[in-house]
Amino acid sequence: DSLSTPIRVTLFPGDGIGPEIADSVKQVFRAAEVPIEWEEHYVGDQIDPRTQSFLTWESLESVRRNGVGLKGPMATPIGKGHRSLNLTLRKELNLYANVRPCNSLPGYKTRYDDVNLITIRENTEGEYSGLEHQVVRGVVESLKIITRQASLRVAEYAFHYAKTHGRERVSAIHKANIMRKTDGLFLKCCREVAEKYPEITYEEVVIDTCCMMLVKNPALFDVLVMPNLYGDIISDLCAGLIGGLGLTPSCNIGEGGICLAEAVHGSAPDIAGKNLANPTALLLSGVAMLQHLKLQDKAGRIQDAILNTIAEGKYRTVDLGGTSSTSDFTKAVCDHL
Ligand code: NAD
């Protein structure tokens, strides 16, 4: 951890509560003397023709150059006729897998205290391919795209992750009994990859059964891999198991080793600008980013400071039943450091 030149990292503060929780991360990282330098990029206020979205080309170049970044939530205006910012990022940077660890927090009581699972979501296709159109008035169509290439790539990532993180089981989540062709192909690819990892137990679980099992006993699962839409839904369900969206981090993995960490939650317009947001999810995403950068010591210290602050119970944000503001909680984490 004793690097003399700081590592350059891209930071998208994002929309809504984004700038408030990004500020919290900057403060905590400064207190922990993390040797990184933020390259901050905001979402533009007009469409950049080179990205066909409000994301600037320079911001994408920054991630490509640095290979590592942290991203706040970005709001998607409904029906405004331009590409979703998150979709643009995923497509332009080829962020093919979204990894979402979900662990019970010691000292914060929920219905379960043994949640320890990882959801890995295919991030580039499925129902989120952005291919929707009106056939005739009153009839619209959306294309669900599943390709062999993207399915193999995310399955490979999931098994490799399981192997390198001491995990024992990978469950492929699907609805292939109805979506025979699309989810069928996804499963076929998972099976092919599973054969290369005989030491990892492989199983297939239908999405509806998976929801029931997760709510009854989340300890039944270890690593879950699934197509885009299921991953979006299941990971929010998992966040609910441990205390909500304010707590769950994620990492987007791209080709060429890009890692863009972000909280699972959105821009929370209902509480934006009120100093009420819980910065934990983005802070833990920052921790995941530091682990990716092999700054294990700093990552461990910051994670302990966050978990100890929550466990102590004196400073908790409103979503966790407390009365602390974003800045009070942030200060408490810095004090723990
Ligand atoms: P949301 O996650 O923003 O909010 C859902 C609920 O959770 C709200 O009540 C909110 O107050 C609460 N919440 C979320 N994060 C919180 C935090 N850190 N602390 C305390 N409470 C928190 O979901 P939404 O309202 O459906 O979406 C709002 C906007 O965010 C939309 O434009 C959506 O497209 C966008 N979005 C972006 C991302 C992303 O950038 N990755 C993800 C999801 C949604």
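Residues numbered from 1 in each chain as written. Predicted model: local features only at pLDDT ≥ 70, side-chain atom pairs only at ≥ 80, totals over all residues.

### Regarding the packing of helix 1 (residues 18-31) against helix 8 (residues 280-292)
Stated precisely, the cut-off is as follows: To obtain an axis, a line is fitted to C-alpha atoms, over the contacting stretch when the element is a helix, and the angle between two such axes runs from 0 to 180 degrees between their N-to-C directions. Segments assigned H or I by DSSP are reported as helices when at least four residues long, segments assigned E as strands when at least two residues long, and all are numbered from the N terminus. The cut-offs work like this: below 35 degrees is roughly parallel, past 145 is roughly antiparallel, 65 to 115 is roughly perpendicular, and the gaps in between are oblique. With the far helix as reference, a near helix turned anticlockwise by less than a right angle produces a left-handed crossing, and one turned clockwise produces a right-handed crossing. Remark: residues whose backbone-derived C-beta atoms lie within 7 Å of one another are considered to be in contact. We call Asp, Glu, Lys and Arg charged. Ala, Val, Leu, Ile, Met, Phe, Trp, Tyr, Cys and Pro are nonpolar, and the rest, Gly among them, are polar.
At a minimum axis separation of 9 Å, helix 1 and helix 8 run at an interaxial angle of 50°. In terms of orientation, helix 1 and helix 8 fall into the oblique class. Helix 1 and helix 8 meet at a crossing whose hand is right-handed. Contacts from I21, A22, S24, V25, V28 and F29 in helix 1 reach L282, L283 and G286 in helix 8. Per-class residue counts for the contact of helix 1 with helix 8 are seven nonpolar, two polar and no charged.

### A closer look at unusual backbone geometry
Look at N94: it is not a glycine, yet its phi comes out positive at around 55°. Positionally, N94 belongs in the loop between helix 3 (85-92) and strand 4 (95-103). Positive phi, close to 60°, is recorded for N275, a residue that is not glycine. Along the chain, the position of N275 falls in the loop between strand 12 (259-263) and helix 8.

### As for the site of the ligand
What counts is decided by this rule: Working rule for contacts: place C-beta from the backbone, and if it is within 6 Å of a molecule or strand, that residue counts as near it.
As a structural note, the neighbourhood of the ligand is formed by 20 residues, with T76, G246, H265, G266 and N278 the closest of them. Residue composition of the shell around the ligand, by class: ten nonpolar, seven polar and three charged.

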